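# Understanding the architecture of this molecule
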Amino acid sequence: MSDTKTTTAPATSSDGSQPLVAVRGITKSFGKQPVLHGVDFEVASGEIVVVMGISGSGKSTLLRIIAGLTQPDSGEVDIEGVPVIKDGVVLPAWGTKRRAVGMVFQQYTLWPHMDVLANMSLGPRRVMKENPAATRKRAEDVLAEVGMAKYLRSQPLSLSGGQRQRVAIARALMMRPKLILCDEITSALDPPVAREVLSVLTKLKKDDGVGSVIVTHDMAFASQAADRVVFVEDGRIVEQAPPRVAFRNPQSEGLRKFVEAVRWETD
Ligand SMILES: Nc1ncnc2c1ncn2[C@@H]1O[C@H](COP(=O)(O)OP(=O)(O)OP(=O)(O)O)[C@@H](O)[C@H]1O
Ligand SMILES: [Mg+2]
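Given the structure is predicted, the values throughout are model-derived calculations rather than measurements.

## A few points about the sheet that holds strand β9 (residues 211-215)
With mixed pairing, six strands are arranged side by side in an open sheet as β7-β8-β9-β3-β10-β11. Both edges of this open sheet fall to β7 (101-104) and β11 (236-241), since each of them pairs with a single strand only. Geometrically, the sheet is characterised by an average inter-axis angle of 20° between neighbouring strands, direction not taken into account. The pairing of strand β10 (residues 228-233) with β11 spans five bridges and is antiparallel.

Now the structure itself:
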């Protein structure tokens, strides 16, 4: 896409291409409790990364820092090679680059007093100053992409949990992100419904090259859809590998135990 000019030397990944998001040396404490200890993490364009780890390991904090919702104590974040956080400080470039990254949360975050179209229009109208007709047309297109074409004028409370999460993904897509961060967006849903919601993310990658970083325990989904599994333990990334390698041959004790526990849960 067009706005990828860099103002400083871009970060490069091992194959020489520029990562969409690069995080280096991120630390974060809440009060006296250290939560992230110098995390390095990269996401390539169009990549699906599944993030796993036990409760409290720092997954949500990492995603919130990438989304610009939580400020790190130190470390750097680049988006498309442009520094947006340096030494823990948010830089002005964040204002324009942040649109490349959308986020969807576990809790349904649609405004209950607005219909689907109004929920989806908020960002484009306020931030992108788009006109109502153009916004509506895009909302129709984006809803069709997530299998929700019929629900443009529905009230969020009339939708099922799975439908709401698909609308939440659609709302994030209205800002034309290149990466969507998903923090346990299916943990309140029954497995088949959860799988339908997650399959939207696979489709977005295939059809539009939109990547995602997905916090989920769903190993079957990760095996099928993830390019890479990242395992977080005590605020560190201790292991990352393609799903088959990560699940069949975990290197760390932590991931081995995690895989066993999740298998046992889902058996
Ligand atoms: N805003 C906050 N204020 C204080 N402590 C926080 C805050 N956010 C997170 N923490 C703490 O940081 C640690 C990591 O939390 P985080 O939410 O990132 O973990 P997680 O891996 O997402 O866990 P879960 O799987 O339960 O969602 C936890 O000990 C948590 O209590
Ligand atoms: Mg969390």
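## Some details on the confidence of the model for the chain
Here the chain shows a mean pLDDT of 91. Residues at 70 or above account for 93%. Contacts of residues 1-13 to residues separated by more than four positions or lying in other chains number 30 contacts, the stretch itself having pLDDT below 50.

## A word on the site of ligand 1
Within the structure, ligand 1 sits among Phe30, Gln33, Val35, Ile54, Ser55, Gly56, Ser57, Gly58, Lys59, Ser60, Thr61 and Glu184. Separating an oxygen atom of ligand 1 from a side-chain N or O atom of Gln33 is a distance of 2.9 Å. In the environment of ligand 1, an oxygen atom lies 2.6 Å from a nitrogen or oxygen atom belonging to the side chain of Ser55. Here ligand 1 loses 58% of its free accessible area of 630 Å² to cover by the protein chains. Sorting the residues of the shell around ligand 1 by element identifies β2 (33-43) and α1 (59-66) as the ones contributing at least two each. If you tally residues by element for the shell around ligand 1, the top one is α1, at three residues.

## Describing helix α4 (residues 132-145)
One turn of the α-helix equals 3.6 residues, which is why residues spaced by three or four share an orientation. For α4, which comprises 14 residues, the first-to-last C-alpha distance of 20 Å matches the rise-based estimate of 20 Å (1.5 Å per residue) to within 8%. For α4, every residue scored as buried is listed here: Thr135, Arg138, Ala139, Val142 and Leu143. Along the axis of α4, the buried positions cluster into a sector of 135°, meaning they face one direction only. Buried residues along α4 sit in contact with α3 (116-126) and α5 (161-173). Structurally, the start of α4 carries an N-cap: the backbone nitrogen of Ala133 is 3.0 Å from a side-chain oxygen of Asn131.

## Quick look at the packing of α5 against helix α6 (residues 191-208)
Following both chains from N to C, one finds α5 and α6 inclined at 20°, their axes separated by 9 Å at the closest point. When the interaxial angle is binned, α5 and α6 end up roughly parallel. For the element pair α5 and α6, the recorded crossing hand is right-handed. When α5 is examined against α6, the residues Gly162, Gln165, Arg166, Ile169 and Leu173 are found in contact with a partner set consisting of Val193, Glu196, Val197, Val200, Leu201 and Leu204. Here the contact of α5 with α6 is built from residues that sort into seven nonpolar, two polar and two charged.

Parameters and conventions
Residues numbered from 1 in each chain as written. Chains lettered and ligands numbered in written order. Predicted model: local features only at pLDDT ≥ 70, side-chain atom pairs only at ≥ 80, totals over all residues. Heavy atoms only, no water. Pairing = 2+ DSSP bridges. Helix = DSSP H or I, 4+ residues; strand = E, 2+ residues; numbered from the N terminus. Axes fitted to C-alpha atoms, helices over the stretch in contact; angles between N-to-C directions. pLDDT = per-residue confidence, 0-100. Contact = heavy atoms within 4.5 Å. Near = heavy atom within 4 Å. Polar contact = N/O pair within 3.5 Å; in protein donor to acceptor, adjacent residues only side chain to side chain. Areas by Shrake-Rupley, 256 points an atom, 1.4 Å probe, with all protein chains shown as cover. Expected span 1.5 Å × (residues − 1). Buried < 20%, exposed > 50% of the residue type's maximum accessible area, 1.4 Å probe, protein only. Arc of directions from axis to C-beta. Parallel < 35°, antiparallel > 145°, perpendicular 65-115°, else oblique. Left-handed = near helix turned anticlockwise from the far one by under 90°. Nonpolar A, V, L, I, M, F, W, Y, C, P; charged D, E, K, R; others polar.

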